[in-house]
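Spelled out, the chains give:
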Amino acid sequence: MSDERPEKPLPELRASDADRDRVVERLRDAVAEGRLDMEEFEERLEAAYTSRTYAELEPLTRDLPAPAGSPVAPRSAAAEPWTGRIGGAGSSATAVAVMSGFQRKGRWTVPARFDAVAFWGGGELDLREADFAQREVVINCVAVMGGIQITVPPGVEVDVRGFGFMGAFDQRDDPGPAEPGAPRVVVTGFAFWGGVEVKVKKRKRPLGGPSLRKEL
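Residues numbered from 1 in each chain as written. Predicted model: local features only at pLDDT ≥ 70, side-chain atom pairs only at ≥ 80, totals over all residues. Heavy atoms only, no water.

### Details of the overall build of the protein
Per the secondary structure count, the protein includes four helices and 13 strands. In the protein, which comprises 216 residues, the share counted as buried stands at 38%. Expressed as a percentage of contacts within the protein between residues at least 6 apart in sequence, the contacts between residues at least 24 apart total 68%. Accessible surface computed for the protein: about 12500 Å², of which carbon and sulfur atoms make up 54%. (Helix = DSSP H or I, 4+ residues; strand = E, 2+ residues; numbered from the N terminus. Buried < 20%, exposed > 50% of the residue type's maximum accessible area, 1.4 Å probe, protein only. Contact = heavy atoms within 4.5 Å. Areas by Shrake-Rupley, 256 points an atom, 1.4 Å probe, with all protein chains shown as cover.)

In structure tokens:
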């Protein structure tokens, strides 16, 4: 089964929030690459958030090349197909920790966009047994004097784009080649005197398999 993106949508069709978010992410990348100055970025950013149709969004990135690394890497013939479920509504879209903590783990559904905020606190997002609302999901992290840890299973494509100011966005492990049908997780956001860390760990049990308690 092919996972290529659908054909270019008709210009008169209404754009979704996800469409606008993708354009904004590309504009942010263009600033980091030195292709846009801040004045141009701010003008296009305002235009992106006020756009209603694809015809209004398309000119904003027309003169920008595709982001580096966007072509899908060849997948290993020995890789097993992704067995998790993709589709449906997200279990929750926001997690906030203010001088406290939060956790999302076990079987839950990651929405198309998830916002995680840690202020003088910490958070953990474990995606190893999670389902995904879409093939590509965005996890936007804001860590201020706090930390957020994201754990993904091997075979999931991870794209870390966050910015750290006296803080860091770290991806210390290589998830390996993407499994056929596996989701793509984009990690973005901002860390100030804090950190966002992406780790790769094997699943505790196969997706859809019996629970550990039943096995015992």
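### A look at the pairing of strand 1 (residues 94-98)
Burial along strand 1 is one-sided: the residues Ala95 and Ala97 are buried and none of Thr94, Val96 and Val98 is. Looking at chain direction, strand 1 and strand 4 (residues 113-119) are connected through five bridges and run parallel. When the sheet's bridge partners are listed, Thr94 is paired in strand 4 with Asp115. (Pairing = 2+ DSSP bridges.)

### Description of helix 1 (residues 17-32)
Owing to its 3.6 residues per turn, the α-helix aligns residues three or four sequence positions apart on the same side. Counted at 1.5 Å a residue, the expected span for helix 1 with its 16 residues is 22 Å, and the 23 Å between its end C-alpha atoms agrees. Buried within helix 1 are the following residues: Asp19, Arg20, Val23, Val24, Glu25, Arg26, Leu27, Asp29 and Ala30. Following helix 1 by one or two positions, Gly34 has its phi on the positive side, about 85 degrees. (Expected span 1.5 Å × (residues − 1).)

### What to know about the nonpolar core
Core analysis: the largest hydrophobic core is formed by 28 residues, its most contacted members being Leu127, Cys141 and Ile150. For this core, the elements supplying multiple residues, two or more each, are strand 1, strand 4, strand 7 (136-144), strand 8 (147-152), strand 12 (184-192) and strand 13 (195-200). Element by element, the count of residues in this core is highest for strand 7, at four residues. In this structure, Cys141 is in contact with Ala116, Ile148, Ile150, Phe169, Val187, Thr188, Gly189, Phe190 and Val196, ignoring residues within four places of it in sequence. Grouped together as the second largest cluster of nonpolar side chains are 11 residues, Ala15, Leu27, Ala48 and Leu57 included. (Core = buried A, V, L, I, M, F, W, Y, C linked by side-chain atoms within 4.5 Å.)

### Thoughts on helix 2 (residues 38-50)
For helix 2, spanning 13 residues, the distance from its first C-alpha to its last is 18 Å, which sits close to the expected 18 Å at 1.5 Å a residue. Those residues of helix 2 that are buried are in contact with helix 1 and helix 3 (54-57). Measuring from the side-chain oxygen of the N-cap residue of helix 2 to the backbone nitrogen of Glu39 gives 3.2 Å; that N-cap residue is Asp37. (Polar contact = N/O pair within 3.5 Å; in protein donor to acceptor, adjacent residues only side chain to side chain.)

### What about the environment of Val96?
Mapped onto the fold, Val96 is located in strand 1. On a C-alpha basis, the gap between Val96 and Val142 in space is 9.5 Å, while along the polypeptide they are 46 residues apart. Val96 has contacts with Phe102 and Val117, leaving out every residue within four places of it along the chain.

### So, the packing of aromatic side chains
Within this structure, the stated rule accounts for five aromatic pairs. Both rings, one in Phe119 and one in Trp120, keep their centres 5.8 Å apart while their planes meet at 5 degrees; by these two values the pair is stacked. By relative accessible area, Trp120 is classed as partly exposed at 47%. Pairwise contacts between aromatic rings join Phe165, Phe192 and Trp193 into one cluster. (Phe/Tyr/Trp six-rings, centres within 6.5 Å; stacked < 30°, edge-to-face > 60°.)

### A look at the sheet that holds strand 5 (residues 122-126)
Reading across the sheet, the five strands line up as 2-5-8-13-11 and stay open at both edges, with parallel pairing between neighbours. Each end of this open sheet is capped by a strand with a single partner; those strands are strand 2 (101-104) and strand 11 (168-171). Averaged over all pairs of adjacent strands, the angle between strand axes in this sheet comes to 10 degrees, irrespective of strand direction. Strand direction decides the pairing type here: strand 8 and strand 13, joined by six bridges, are parallel. When the bridges of strand 13 are listed, Ile150 appears paired with Val198. (Axes fitted to C-alpha atoms, helices over the stretch in contact; angles between N-to-C directions.)

### Some remarks on the side chain of Asp19
As for its placement among the helices and strands, Asp19 is situated in helix 1. On the basis of relative accessibility, which here comes to 11%, the residue Asp19 falls in the buried class. Excluding anything up to four places from it in sequence, Asp19 contacts Tyr54 and Leu57.

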